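A closer look at the structure
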Amino acid sequence: MKGKYHIVVQNKRLRYEFDIQRNITIIRGDSATGKTTLYEMIALAARSGDSSGVEVRCEKKCRTLEGMDWKLVLPTLHGQILFLDEGSAFVKSEEFAAMVKKSDNYFVIITREDLANLPYSVEEIYGIHTSGKYHDMKRTYNEFYHIYGTEQLAENNRALPMKPDYLLIEDSNSGYEFFREICREQGIFCEHSGGKSKISQKLREAEFKNKLVIADGASIGPEMNELFQYMKIHPDTKCYLPESFEWIILKSGMIDGNALKDLLEHPQDFIESQEYFNWERFFTSLLVQYTKDTYLHYKKQKLNPAYLSEKSKNMILNVVKGITFCGN
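Chains are numbered independently. Their residues run from 1 in the order of the written sequence. Local features in this predicted model are restricted to residues whose pLDDT is 70 or higher, and side-chain atom pairs enter the listing and the counts only when it is 80 or higher, whereas totals over whole chains, interfaces and linings include all residues. To get the side-chain values, all heavy atoms of the structure are used, and hydrogens and water are removed first.

1. What to know about the nonpolar core
The term nonpolar core refers to a set of buried residues drawn from Ala, Val, Leu, Ile, Met, Phe, Trp, Tyr and Cys, joined through side-chain atoms within 4.5 Å. Between buried and exposed lies partly exposed: a residue is buried under 20% and exposed over 50% of the maximum accessible area for its type, with that area taken using a 1.4 Å probe on protein chains only. With 42 residues, the main nonpolar core has Leu 167, Phe 179, Tyr 240 and Tyr 307 as its most contacted residues. Of all the secondary-structure elements, those providing two or more residues to this core are β12 (166–169), α5 (174–186), β14 (211–214), α8 (245–251), α9 (258–265), α10 (279–291) and α11 (310–317). Numbering of helices and strands runs from the N terminus, with a helix taken as a DSSP run of H or I at least four residues long and a strand as a DSSP run of E at least two residues long.

Here it is, written out as structure tokens:
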């Protein structure tokens, strides 16, 4: 399943309206924000149809997934948008995560917890905004070169651009090799975290003032809450969360082509969720495909030295807005 879908759920009293564009969307927030009401309205419409008094408008069928028989039901569903509530304990299980990764459905999960088994995008974590009887979804975290909570965005943007004293890279492969070389040239301490789950621990251990985290936004969603809480206490720590290092290279202009430009502007129209569980995998595959048999041939495990030429470094770093590396 691929594409962006507009969803309207309404009855005589309430109306929810929002878009989803990836295989996993997270709706979070405190009690009494309308999350459970949205879920119950969709469940009622799926059970009772027109007699429910609930109208669900979407190009794809919307329904809930719940109950003890979810393992039997899920494999029979294809090309649908499935809503799940945090009350279903199986949502946190490894078994559910494994089935999601093989599914051609989209999943909208209502939860206040971080689902470590599902590497979802920071771009697809939403709260519900209420204006009278109308409800829509707004991102819990907004990306303006760095990631901040909505209420901190304006204040923190005044500090841009930043020059880090310490750079923590989630990626231990080519992305880390690239930024390690940049940091070596500029006298910046650089290390990799050894995995997304270790980012906050590494930050706590690092005795530097201006800390910067670069990680794959396409899959860091489960770790974002802990990271954000750390940033609130340590305002000299910032994050840059692109889709992936491969996405940065593709955006840099090093590889030309009108088809590539269209794909980067509307990736949701091209990325089949059953084939690519998250967008980072898609952009890696795309970069490998576009650079095959060229001097820029890309391997995730080992950085091609061609990406460390002065021209290549400058083109890549120009994508990384809001961060100052002296000399770029």
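2. Structural notes on the packing of α9 against α10
For helices, the fitted line uses only the C-alpha atoms of the stretch in contact; every axis is such a line through C-alpha atoms, and the angle between N-to-C directions lies from 0 to 180 degrees. Interaxial distance between α9 and α10 falls to 13 Å at its minimum, and their mutual angle equals 175°. On the basis of the axis angle, α9 is roughly antiparallel to α10. Counted together, Ala 259, Leu 260, Leu 263 and Leu 264 of α9 and Phe 282, Phe 283, Leu 286 and Tyr 290 of α10 form the full contact between these two elements. Classification convention: Asp, Glu, Lys, Arg as charged; Ala, Val, Leu, Ile, Met, Phe, Trp, Tyr, Cys, Pro as nonpolar; all other residues, Gly among them, as polar. Partitioned by chemical class, the residues of the contact of α9 with α10 number eight nonpolar, no polar and no charged. Angular relationships are summarised with four words: roughly parallel below 35 degrees, roughly antiparallel beyond 145, roughly perpendicular across 65 to 115, and oblique for the angles in between. Contacts were defined at the residue level, with two residues in contact if any of their heavy atoms lie within 4.5 Å.

3. Description of α10
By this rule, a helix spans an expected 1.5 Å times one less than how many residues it contains. Between its first and last C-alpha atoms α10 spans 18 Å; for 13 residues at 1.5 Å apiece the expected length is 18 Å, and the two agree. Within the span of α10, buried status applies to Trp 279, Glu 280, Phe 282, Phe 283, Thr 284, Leu 286, Leu 287 and Thr 291. Contact partners of the buried residues in α10: α8 and α9. With a side-chain oxygen positioned 3.1 Å from the backbone nitrogen of Glu 280, the residue opening α10 is Asn 278. Two residues or fewer past α10, Asp 293 is found with a positive phi of approximately 65°. By the criterion applied in these results, polar contacts are pairs of N or O atoms within 3.5 Å in which, for protein atoms, one can donate a hydrogen and the other can accept it, and in which residues neighboring in sequence qualify only through two side-chain atoms.

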